[in-house]
Amino acid sequence: MWAETLKPQLPPDAPLFTSPLQRCLALAQALHARPIVDERLVEMNFGAWEMRAWNSLPRREVEAWSAAPLDYVPPGGEPVAALRARVRAFLGEHRNRSELAVVTHAGVMKLFAAELLDLPIDNWLSMSFDYCEVFVIDSPA
């Protein structure tokens, strides 16, 4: 169902890159005959915070993360700075493409916007994306 709605919105001849995680990969395979799996498009690893409600996390950890979101590392996870480095590497590799499509996660999408539109941290951290939302970025050359 989602693929039928999304497919007409994608550039018809553009390569489609996807996170290898199942929720992205299944959609990518429905959208494109040959999606390209790229590990750099995986969502941030939240370690011990994975699959837990924010209100169940130790308050001091959430406050520490809020105070330094680029550098704080959730227990057993990775810092936003590491995710940002992955996104920068992906974008750097594909900077000469005129079009591409990506099926990925909200955190990665936030960093695409941050990097391509040169957004301040407060702007991109507060962005939100819905499941199967098409987000188009026309980046300056």
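For the structure itself, look to the data block above.
Keep in mind it's a predicted model, so treat the numbers as computed, not measured. Per chain, residue numbering runs from 1 following the sequence as it is written. Per-residue local features are limited, in this predicted model, to residues with pLDDT of at least 70; the limit for side-chain atom pairs, both in listing and counting, is 80 or more; totals at the level of whole chains, interfaces and linings are taken over all residues. As a rule here, side-chain values come from all non-hydrogen atoms in the structure, and water together with hydrogens is ignored.

Engineer: Account for the overall build of the protein chain, with residues named and values stated.
Structural biologist: For the purposes of this entry, the term helix denotes a DSSP run of H or I that reaches at least four residues, the term strand denotes a run of E that reaches at least two, and both are numbered from the N terminus. Helix and strand content of the protein chain: six helices and three strands. Ordered by position in the sequence, the α and β elements of the protein chain form the string α-β-α-β-α-α-β-α-α. For a compact globule the rule gives 2.2 Å times the number of residues to the power 0.38, and the radius of gyration it is set against comes from C-alpha atoms. Taking 141 residues into account, the globule formula puts the C-alpha radius of gyration at 14 Å, and the protein chain, at 16 Å, falls close to it. Overall size of the protein chain, expressed as C-alpha extent along the three principal axes, is 50 × 35 × 20 Å. Residue burial in the protein chain is summarised as follows: out of 141 residues, 37% are buried. Only the protein chains shown count as cover for residues, with accessible areas throughout obtained via the Shrake-Rupley method and a probe of 1.4 Å. About 8600 Å² of surface is accessible on the protein chain, with carbon and sulfur atoms providing 53% of the total. Averaged over its 13 positive side-chain charges, the protein chain has a centre that lies 4 Å from the centre of its 18 negative ones. Under the scheme applied here, a residue whose accessible area is under 20% of the maximum for its type counts as buried, over 50% as exposed, and between as partly exposed, the area being computed with a 1.4 Å probe on protein chains only. The positive count covers Lys and Arg only, the negative count covers Asp and Glu only, and His and the chain ends enter neither. For charged residues, the charge sits on one atom: NZ in Lys, CZ in Arg, CG in Asp, CD in Glu.

Engineer: Can you explain the environment of Asp-122? Please cite residues and give values.
Structural biologist: Relative to the helices and strands, Asp-122 resides in helix 6 (residues 121–125). For Asp-122, a relative accessible area of 60% gives the class exposed.

Engineer: Could you give an account of the side chain of Arg-40, with specific residues and numbers?
Structural biologist: Within the fold, Arg-40 resides in the loop between strand 2 (36–37) and helix 3 (59–67). Distance and chemistry together define a polar contact, namely a pair of N or O atoms within 3.5 Å, with one atom able to donate a hydrogen and the other to accept it when in protein, and with adjacent residues in sequence counting only for side-chain atoms on both sides. A distance of 2.7 Å separates a polar atom in the side chain of Arg-40 from a polar atom in the side chain of Asp-38. A contact between two residues is defined here by any heavy atoms of the two lying within 4.5 Å. Apart from the residues lying within four places of it in its own chain, the contact partners of Arg-40 are Arg-86, Ala-89, Phe-90, Glu-93 and His-94.

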